[in-house]
Amino acid sequence: MFDKLEDLLIRFEEIMGELNEPDVTANQERFRALMKEQSDLTPIVEAYREYKKCNQDIEDSLMMLDEENDPDMREMLKEELNSAKTRVSELEEELKILLLPKDPNDEKNVIVEIRAGAGGDEAALFAAEIYRMYVRYAERQRWRVETMDVEEIGIGGMKYVSFMISGQGAYSRLKYESGVHRVQRVPETESGGRIHTSTITVAIMPEVEDFDVQIDMNDCKFDVFRASGNGGQCVNTTDSAVRLTHIPTGIVISCQDEKSQLKNKDKALKVLRAKLYDLEQQKRHDEEAELRRSQVGTGDRSEKIRTYNFPQGRVTDHRIKLTLYKIDAIMDGDIQELIDNLTAADQAAKLAKMNQNGIA
């Protein structure tokens, strides 16, 4: 591990040297690549430099202890020594986490799909509430949300909604949200006061670029139609909505949020790229079943990941056996504690696997 850290430190210093060259901005593509690499390496280099300093402090304290006879000074040196040793242990764990392989999609925007499952109208109402939860969370992060397609029911529910969340690190935060979300409560439509259980599915997909997924336009069939639901006069009175059918896979995507047919077509293609990429990821996940079992699930659409129990005011994430008694705050978008715990559990599982294989 420390040989790798030394190599990264050397590379970081090389990058800083290049960035200090007067003509570095002449090649903007190269400049952006250097800035990105510098940003990625900075937390590792800072932690490693502190690690080396703490080790030096330990050596200095031990040397001074050998020479010091004054009891008060010796006591102070021992405290400094213990503090430096504790910090070294902490930094070793931090560095192991920082050296874990990065998910190449972590910095990307995400496309989210929410579908009502079992439970009829109650499932559709819950789908609308989960949609609002993610929108509120995105607002807290100062991210942008764009609705792509929605199928509403008359009482304020959503059978289906797809939307894009744009913001730095959006995928790294939301990737653990894919799966089945279950709600337990007394529905507004229930007169007998019985608790019902309903489900929805959430799919989180990274936005991918043209060069990540090549689409043969001959495989695509486009239909245009008049948008329905909420919208301005232009949206609802012109054939601006687009339905895209990908013939080889049978994937169908509708986009009707924009007034422009061209913009809706562009959005539909973005969703298709994400879906095709997601299909490829699913295949890889299936091929790496053993690896998936050692980590927090991030892709199995059939996995029941979370229960929202309204009568008890609790939210339980079944993958990490975490229960939080703050359902109102969570439904209002305060999901950072869930995300932090899921991220920590995933990192711990990966570290355990590395240690088991003797990598760390």
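Residues numbered from 1 in each chain as written. Predicted model: local features only at pLDDT ≥ 70, side-chain atom pairs only at ≥ 80, totals over all residues. Heavy atoms only, no water.

(A) How the structure looks around the overall build of the protein. Looking only at helices and strands, the protein has ten helices and eleven strands in total. When burial is assessed residue by residue, the protein has 41% of its 360 residues classed as buried. Across the protein, the fraction of contacts at a sequence separation of at least 24, relative to all contacts at a separation of at least 6, is 62%. Carbon together with sulfur atoms contributes 47% to the accessible area of the protein, which is approximately 19,500 Å² in total. (Helix = DSSP H or I, 4+ residues; strand = E, 2+ residues; numbered from the N terminus. Buried < 20%, exposed > 50% of the residue type's maximum accessible area, 1.4 Å probe, protein only. Contact = heavy atoms within 4.5 Å. Areas by Shrake-Rupley, 256 points an atom, 1.4 Å probe, with all protein chains shown as cover.)

(B) Structural view of the side chain of Gln 256. On the secondary structure map, Gln 256 appears in the loop between strand E8 (251-255) and helix H7 (261-287). Among the residues examined, Gln 256 registers a relative accessible area of 10% and is labelled buried.

(C) Examining the environment of Leu 62 more closely. Following the sequence through the fold, Leu 62 ends up in helix H2 (residues 28-67). Here Leu 62 falls in the partly exposed class, since its relative accessible area comes to 40%. Sequence separation between Leu 62 and Leu 77 is 15 residues, and the spatial gap between their C-alpha atoms is 8.2 Å.

(D) Quick look at the sheet that holds strand E4 (residues 179-185). Read from one edge to the other, the open sheet built from eight strands follows the order E2-E3-E1-E5-E4-E9-E10-E11, with strand pairing classed as mixed. Strands with a single pairing partner mark the edges of an open sheet, and in this sheet they are strand E2 (144-152) and strand E11 (322-324). Within the sheet, the average angular offset between the axes of one strand and its neighbour, ignoring direction, is 15°. Of the strands in this sheet, strand E1 (110-116), E2, strand E3 (158-166), E4, strand E5 (196-206) and strand E9 (304-309) touch helix H4 (residues 120-140), which is tilted by about 10° from E3. (Pairing = 2+ DSSP bridges. Axes fitted to C-alpha atoms, helices over the stretch in contact; angles between N-to-C directions.)

(E) Structural detail: the environment of Lys 36. Among the secondary structure elements, Lys 36 is positioned in helix H2. Within the structure, the side chain of Lys 36 is placed 2.7 Å from the side chain of Asp 40, a separation counted as a polar contact. (Polar contact = N/O pair within 3.5 Å; in protein donor to acceptor, adjacent residues only side chain to side chain.)

(F) View of the sheet that holds strand E7 (residues 241-246). Read from one edge to the other, the open sheet built from three strands follows the order E6-E7-E8, with strand pairing classed as antiparallel. The open sheet has two edge strands with one neighbour each: strand E6 (220-225) and E8. Averaged over all adjacent pairs, the angle separating strand axes in this sheet is 15°, with direction ignored.

(G) Structural context of the pairing of E8. Judged by how many residues are buried, E8 sits mostly within the fold: four of five residues are covered. With five bridges connecting them, E7 and E8 associate as antiparallel partners. For His 246, the partnering residue across the bridge sits in E8 and is Ile 251. Here E7 hands over to E8 after four residues, with Gly 250 in that stretch at a positive phi of 80°.

(H) Region of interest: the layout of surface pockets. The volume enclosed by the largest pocket comes to roughly 1,000 Å³. Lys 102, Asp 103, Asp 106, Glu 107 and Ser 172 are the residues nearest the centre of the largest pocket, which is lined by 31 residues in total. For the lining of the largest pocket, the elements supplying multiple residues, two or more each, are helix H1 (2-19), H2, helix H3 (71-98), helix H5 (170-174) and helix H10 (336-356). In terms of residues, the lining of the largest pocket owes the most to one element, H10, which gives seven residues. Of the residues contributing to the lining of the largest pocket, the split by class is twelve nonpolar, seven polar and twelve charged. (1 Å grid on protein atoms, 1.4 Å probe; cavity = no way out; pocket = protein on both sides within 12 Å on 5 of 7 lines; lining within 4 Å. Points joined across faces, edges and corners; volume = space filled by probe spheres on them. Nonpolar A, V, L, I, M, F, W, Y, C, P; charged D, E, K, R; others polar.)

(I) Molecular detail of a negative patch on the surface. Residues Asp 70, Asp 72, Glu 75, Glu 79 and Glu 80 make up a contiguous surface patch of negative charge. Checked against the element boundaries, Asp 70 lands in the loop between H2 and H3. The class for Asp 70 is partly exposed, based on a relative accessible area of 35%. (Patch = residues over 30% accessible without salt bridge, like charges linked within 9 Å, V, L, I, M, F, W, Y side chains within 5 Å. Salt bridge = Lys/Arg side-chain N within 4 Å of Asp/Glu carboxyl O. Lys, Arg positive; Asp, Glu negative; His and termini not counted. Charge placed at Lys NZ, Arg CZ, Asp CG, Glu CD.)

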